[in-house]
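Descriptive analysis of the structure
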Amino acid sequence: MPKSLIIVESPAKAKTITKYLGDKFIVSSSYGHIRDLPKNDSAIDIKNHFKPHYIVSEDKEKVVRELKKLTKDVDDVYLATDGDREGEAISWHLCEVLGLDPKTAKRITYTEITEKAIKAAISKPRLIDLDLVNAQQARRVLDRLVGFEISPILWRKVKPNLSAGRVQSVAVRLIVDREREIMAFNSSSSFKLTADFEVKDYEGKPASLKAEYTKEIADNSGAMKILEALNGAHFSIKNVEKKPGKKSPSAPFTTSTLQQEASRKLGFSVSKTMVVAQNLYEAGHITYMRTDSVSLSDTALQEIEAKINQKYGAKYHKQRKYATKSANAQEAHEAIRPSSANQDAINASSDEQRLYDLIWKRTIASQMEDAALERTIVDIQNDKNDIILIAKGEVVTFDGFLKVYNESKDEDDSEEKLELLPPLKVGEALPCREIEAVEKFSKHAARYNEASLVRKLEELGIGRPSTYAPTITTIQKRTYVLKDSRDGVDKIYQILKLKNGKIEQSKGKFVSGAEKNKLFPTDTGILVNDFLVKNFKNIVDFKFTAKVEEEFDHIANGNLEWTKMMDLFYKPFHKEVEETLLTAERVTGERPLGNHPETGEPIIARMGRFGPMVQIGVTDENKPEVKPRYAKLKKEQNIENITLEQALELFKLPRIVGEFEGKEMKVSIGRFGPYIQHDSKFVSLKKEDDPYTVTDTRCVELIEEKRIAEANKHIMSFEPEEIYVLNGRWGPYIQRGKGKDFYKIPKTVDATKLTLQDCLDLIDKQGGNEKGRKAAAAAKEPAKKTSPAKKTKVAKKTTTAKKTTAAKKEAPIRTAASAKKTVAKKKK
């Protein structure tokens with residue numbers, strides 16, 4: 001029977017599609033990209049129009065063999081990877097590797113994995129869109145060139161093992177700029193005056209009416225003057241104004257808005273949102289999740305209308321067709337929505353259910369009627385002066401889309417929350433319970449969290465739906481940015497209260513500056529950012545980066561040749577690379593803090609080999625016995641804002657916290673973190689333990705915990721075979737000898753019941769006995785004599801190897817060919 005092969009990029013997707021098709025189709029997976037650029041200088045032939053040289057990844061060789069075999073046994077091959085640029089590129093690479101002609105290969109796309117959508121796609125295959133392939137290729141090649149040419153410069157000029165990326169560098173710059181804005185911010189105080197009046201509610205019961213003085217009160221004396229002016233006054237309602245209002249629903253989700261809302265409502269990271277959404281898509285529950293379109297298909301609109309009418313009533317429905325703001329939105333041509341609006345719940349994991357519920361509600365709400373509101377503004381006068389107090393309220397007269405969904409807001413966009421006011425009429429007297437003036441402090445701009453950073457990148461036109469999550473993940477993996485929660489500090493504020501004819505002053509306390517899951521730049525991130533801003537202005541320029549993204553869009557639309565775009569970008573960029581290698585100075589971020597109060601030695605903060613640190617003293621050739629002292633900065637400290645006093649605190653380690661069993665417990669910080677030293681043994685502190693404040697009681701707890709863990713580590717031993725069964729971090733294992741020969745024990749095996757033969761069998765299955773036999777045989781063989789000629793060759797090789805190693809230590813970098821020549825010329 002003739003069969004057809006459908007190739008997708010994910011096994012989960014293959015499994016779902018298989019359910020919809022009969023035995024005439026074989027559905028197989030490529031497991032993502034099967035080819036990529038090699039990690040060396042041969043990846044791109046710059047002189048030959050930036051021709052990329054692709055290789056099949058080692059881990060994909062087996063997959064390729066299986067796909068080649070399948071293509072020989074079928075009549076038709078359908079390439080069914082995702083419909084965006086990345087998916088188009090995967091299909092093109094499959095053609096190249098499997099021997100299919102890209103000009104005739106059958107390409108099918110769909111925005112949802114449903115039986116109807118898949119069968120419709122198979123009935124109307126198209127050709128591979130080479131413009132989309134070239135747009136992806138241009139991004140890949142350009143980003144590789146940027147990374148490979150800038151990264152070695154960072155190794156020389158900043159710190160070893162650093163790397164730079166085009167979009168990632170801009171994202172880091174946003175976070176660094178915001179941090180510096182916060183550091184430069186000076187908070188100012190003012191006073192907010194609120195009066196509390198006694199009124200009756202709709203049932204005639206006593207209620208409270210809050211009204212505010214809306215003009216700014218600069219200081220304590222200004223607040224006191226107003227309270228004195230209102231002391232003994234009688235209040236009444238001067239005017240009641242009611243205005244109709246409305247709230248409209250938000251558009252269905254795009255990739256960006258889904259990432260933002262999942263962060264606000266569900267607490268998901270950007271990468272987690274994409275993983276969960278991918279699972280939902282591949283299981284057939286939602287449409288494609290990488291899109292910047294807000295449109296819905298006519299079929300979806302009809303289905304949503306029927307669902308709203310059936311579940312909520314016809315008065316709740318209002319069809320809306322949203323327009324995408326971005327002129328270049330093209331990724332998947334439809335918003336993220338449920339594959340079927342009739343499925344308001346799914347059988348899946350907890351995270352998948354929660355995200356699906358969010359998508360379903362947002363989609364349904366987008367096609368519902370506005371919420372109708374009535375906003376009330378009340379002016380309150382007094383009989384002593386012309387000071388007016390204002391009360392505001394709001395009531396929902398028709399809930400509309402709010403019946404299903406209400407969008408969350410970021411910190412910077414928080415709306416004033418208004419409540420329903422009691423029934424009020426003009427001229428009504430208002431008995432005053434009290435008037436309070438409370439000191440308020442201005443706040444700096446909010447630090448970015450993952451969601452607000454995505455929003456900012458989208459606003460600036462930087463990146464596309466497929467790049468947001470990897471960008472944010474990458475800058476954290478490279479430790480340029482740290483996602484962290486930090487405690488605030490107690491801050492005192494003033495309160496002035498007028499009650500029963502008396503004005504009293506008091507003080508209150510609140511926590512200021514607390515942060516939860518915010519993005520902080522590390523010292524490494526700040527140094528790299530500053531170096532790039534100074535030497536590669538275009539790479540970290542917001543407008544330039546957005547322009548590059550637009551050019552990728554032009555390539556995808558067939559309006560620009562990708563090699564021409566690359567040529568225009570690379571020539572000035574490479575010139576900057578060569579000039580920077582020659583002229584840029586090495587940066588350490590060194591910052592003098594002052595002198596030691598007792599010794600007078602200079603104290604500096606700078607970047608060291610293992611991260612940011614503080615240094616007391618300098619190396620003096622005349623006093624080799626006097627060496628500088630070093631201390632690592634705390635996680636929440638950085639080179640730019642650490643003070644002399646804070647730096648001196650860091651040198652209080654090591655410190656003796658007490659005695660245990662007649663021996664001192666010493667706390668310090670080593671290369672791998674803080675620890676306790678007791679009786680010549682070392683015990684690591686936990687994440688929650690601060691080495692500067694940890695108590696002797698806590699240290700004893702940790703020492704005893706480690707003793708218990710070590711006592712439980714040994715399960716059994718077999719001597720003289722030197723075979724040990726031990727408990728490890730990830731479960732029981734076998735160790736042979738005193739070296740590093742370790743062997744897994746399957747979860748199904750009870751480690752406490754193993755015999756010597758059982759252990760030998762497990763070692764043999766994992767190749768351990770063969771390894772042991774070879775080592776023993778090698779040890780028994782007599783040493784072979786080496787001829788003088790061979791000795792000379794060996795000596796030469798050793799000398800060459802030593803020279804190479806020394807050269808690597810001196811300059812452990814690899815640059816583009818032309819950059820190497822420049823460096824060579826400079827050395828000459």
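Residues numbered from 1 in each chain as written. Predicted model: local features only at pLDDT ≥ 70, side-chain atom pairs only at ≥ 80, totals over all residues. Heavy atoms only, no water.

Check the secondary structure of the protein chain and you find 22 helices and 31 strands. The buried share among the 828 residues of the protein chain stands at 44%. A separation threshold of at least 6 residues defines the contact pool for the protein chain, and within that pool the share at least 24 residues apart is 69%. Of the roughly 45,400 Å² that the protein chain leaves accessible, carbon and sulfur atoms contribute 50%. (Helix = DSSP H or I, 4+ residues; strand = E, 2+ residues; numbered from the N terminus. Buried < 20%, exposed > 50% of the residue type's maximum accessible area, 1.4 Å probe, protein only. Contact = heavy atoms within 4.5 Å. Areas by Shrake-Rupley, 256 points an atom, 1.4 Å probe, with all protein chains shown as cover.)

Moving on to unusual backbone geometry. In the segment running from L653 into P654, the intervening peptide bond is cis, with an omega of -5°. Structurally, the position occupied by P654 is in the loop between α17 (644-650) and β24 (655-660). Of note, S680 is a non-glycine position whose phi angle comes to about 65°, a positive value. Position of S680 relative to the elements: it lies in the loop between β26 (673-678) and β27 (681-684). Here S680 falls in the exposed class, since its relative accessible area comes to 65%.

Of note, S30 is situated in the loop between β2 (25-29) and β3 (35-36). Using a relative accessible area of 0% as the deciding quantity, one classes S30 as buried. For S30 and L94, which are 64 residues apart along the polypeptide, the C-alpha to C-alpha distance reads 8.3 Å. Every residue in contact with S30, bar those within four places of it in the chain, is listed here: I7, V8, E9, K60, V63, L67, I90 and L94. A polar contact of 2.8 Å, which involves the side chain of S30, links it to the backbone oxygen of G32. (Polar contact = N/O pair within 3.5 Å; in protein donor to acceptor, adjacent residues only side chain to side chain.)

Time to look at the nonpolar core. Ranked by internal contacts, the top residues of the largest apolar core, which has 157 residues, are Y110, L154 and L355. By residue number, the principal contributor to this core is helix α5 (residues 130-157), which donates 11 residues. With near-sequence residues (within four places) excluded, L154 lies in contact with K159, L162, S163, A164, Y480, V528, F531 and L532. The next biggest cluster of nonpolar side chains, apart from the first, holds 30 residues, and it includes F197, L389, A391 and L496. (Core = buried A, V, L, I, M, F, W, Y, C linked by side-chain atoms within 4.5 Å.)

To continue, consider the layout of surface pockets. It is a probe the size of a water molecule, rolled over the atoms, that shows where empty space is left. Quantified by volume, the second largest pocket comes out at close to 1,500 Å³. The wall of the second largest pocket is formed by 47 residues, among which D36, E86, R140, D143 and P470 lie closest to the centre. For the lining of the second largest pocket, the elements supplying multiple residues, two or more each, are β3, α3 (85-98), α5, α6 (166-184), α9 (270-282) and α13 (468-477). Take the lining of the second largest pocket: its biggest share by element is 10 residues, from α5. The residue makeup of the lining of the second largest pocket, split by class, is 12 nonpolar, 18 polar and 17 charged. (1 Å grid on protein atoms, 1.4 Å probe; cavity = no way out; pocket = protein on both sides within 12 Å on 5 of 7 lines; lining within 4 Å. Points joined across faces, edges and corners; volume = space filled by probe spheres on them. Nonpolar A, V, L, I, M, F, W, Y, C, P; charged D, E, K, R; others polar.)

Axis separation between α6 and helix α14 (residues 523-535) bottoms out at 10 Å; the angle between their running directions is 110°. Our classification of the angle between α6 and α14 gives roughly perpendicular. Packed against α6, whose contacting residues are S169, V172, R173, V176 and R180, the element α14 presents G525, I526, N529, D530, L532 and V533 at the interface. For the contact of α6 with α14, the per-class residue count stands at 5 nonpolar, 3 polar and 3 charged. (Axes fitted to C-alpha atoms, helices over the stretch in contact; angles between N-to-C directions. Parallel < 35°, antiparallel > 145°, perpendicular 65-115°, else oblique.)

What follows deals with α5. End to end, α5 covers 40 Å across 28 residues, agreeing with the expected 40 Å (1.5 Å per residue, within 8%). By the criterion of burial, α5 is predominantly enclosed, with 20 of the 28 residues buried. Two or three places before D131, at the start of α5, stands the capping residue D129, its side-chain oxygen 3.0 Å from that residue's backbone nitrogen. (Expected span 1.5 Å × (residues − 1).)

Taken in spatial order, the 4 strands line up as β24-β25-β26-β27 in an open sheet, and their pairing is antiparallel. Both edges of this open sheet fall to β24 and β27, since each of them pairs with a single strand only. With strand direction ignored, the average angle separating the axes of adjacent strands in the sheet is 30°. Summarising the sheet, β24 and strand β25 (residues 663-670) pair through 5 bridges and their orientation is antiparallel. Residue pairing across strands places G658 opposite M665, the latter belonging to β25. Strands β24, β25, β26 and β27 of the sheet are contacted by helix α18 (residues 696-713), whose axis makes an angle of about 65° with β24. (Pairing = 2+ DSSP bridges.)

Under the 1.5 Å per step criterion, the end-to-end length of α18 is 26 Å for 18 residues, consistent within 8% with the ideal 26 Å. For α18, every residue scored as buried is listed here: R698, C699, V700, L702 and I703. Elements that come into contact with the buried residues of α18 comprise β24, β25, β26 and β27.

Look at α6 against helix α12 (residues 450-460): their axes get within 11 Å of each other, and the N-to-C directions meet at 115°. Classified by the angle their axes make, α6 and α12 are roughly perpendicular. In the packing of α6 onto α12, the handedness of the crossing is right-handed. Between α6 and α12, the contacting residues are A171, L174 and I175 on the first element and L453, K456, L457 and L460 on the second. Split into classes, the residues belonging to the contact of α6 with α12 amount to 6 nonpolar, no polar and 1 charged. (Left-handed = near helix turned anticlockwise from the far one by under 90°.)

Attention now goes to the packing of aromatic side chains. Scanning all chains against the criterion turns up 15 aromatic pairs. Ring geometry for F569 and F573: centres 5.4 Å apart, planes at 20°, overall stacked. Of this pair, F569 and F573 both sit in helix α16 (residues 562-583), 4 residues apart, which is roughly one turn of the helix. Taking the relative accessible area as the measure of exposure, F573 reaches 3% and is therefore buried. Between Y733 and F742 the ring centres are 5.7 Å apart and the planes differ by 80°, which places this aromatic pair in the edge-to-face class. Given a relative accessible area of 17%, Y733 falls into the buried group. When its relative accessible area of 44% is taken as the criterion, F742 is described as partly exposed. Through pairs of rings, three or more aromatic residues link up here, namely F50, F536, F544, F569, Y570 and F573. Lying across the ring of F148, R144 places its NZ or CZ 4.7 Å from the centre. (Phe/Tyr/Trp six-rings, centres within 6.5 Å; stacked < 30°, edge-to-face > 60°. Lys NZ or Arg CZ within 6 Å of the ring centre and 35° of its normal.)

Moving on: the side chain of E434. Relative to the helices and strands, E434 resides in strand β15 (residues 432-441). Look at E434 and you get buried, because its relative accessible area is 19%. Residues within four places of E434 in sequence aside, it is in contact with T194, A195, D196, K497, L498 and K499.

Applying the stated criterion across every chain, the model contains 57 salt bridges. A salt bridge links D36 to R140, with the nearest nitrogen and oxygen atoms 3.2 Å apart. Taken as a pair, D36 in strand β3 and R140 in helix α5 lie far apart in primary sequence, 104 residues in all. With its nearest N and O atoms 3.5 Å apart, the salt bridge here joins E459 to R455. On the criterion of helical spacing, the pair formed by E459 and R455 is a turn pair, its members being 4 residues apart in helix α12. (Salt bridge = Lys/Arg side-chain N within 4 Å of Asp/Glu carboxyl O.)

Looking at the protein chain, pLDDT values average 88 and 91% of them are 70 or higher. Low pLDDT (under 50) marks residues 783-828, which in the prediction has 28 contacts with non-local residues, meaning those over four places away or in another chain. (pLDDT = per-residue confidence, 0-100.)

Bringing the sheet that holds strand β23 (residues 629-632) into the picture now. What holds strands together in a sheet is hydrogen bonding between their backbones, with the strands either parallel or antiparallel. The antiparallel open sheet is built from 4 strands, whose spatial order is β20-β21-β22-β23. At either end of the open sheet lies a strand with only one pairing partner, and these are β20 (591-595) and β23. The sheet shows a mean angle of 25° between the axes of neighbouring strands, taken without regard to direction.

In this section: the pairing of strand β28 (residues 714-718). In this structure, β28 lies alongside strand β29 (residues 723-728), joined through 4 bridges in antiparallel fashion. Bridge assignment links F718 to a residue of β29, and that residue is I723. In textbook terms, the turn of a hairpin is the stretch between consecutive antiparallel strands, and for β28 and β29 this stretch comprises 4 residues, one of which, E722, has a positive phi near 60°.

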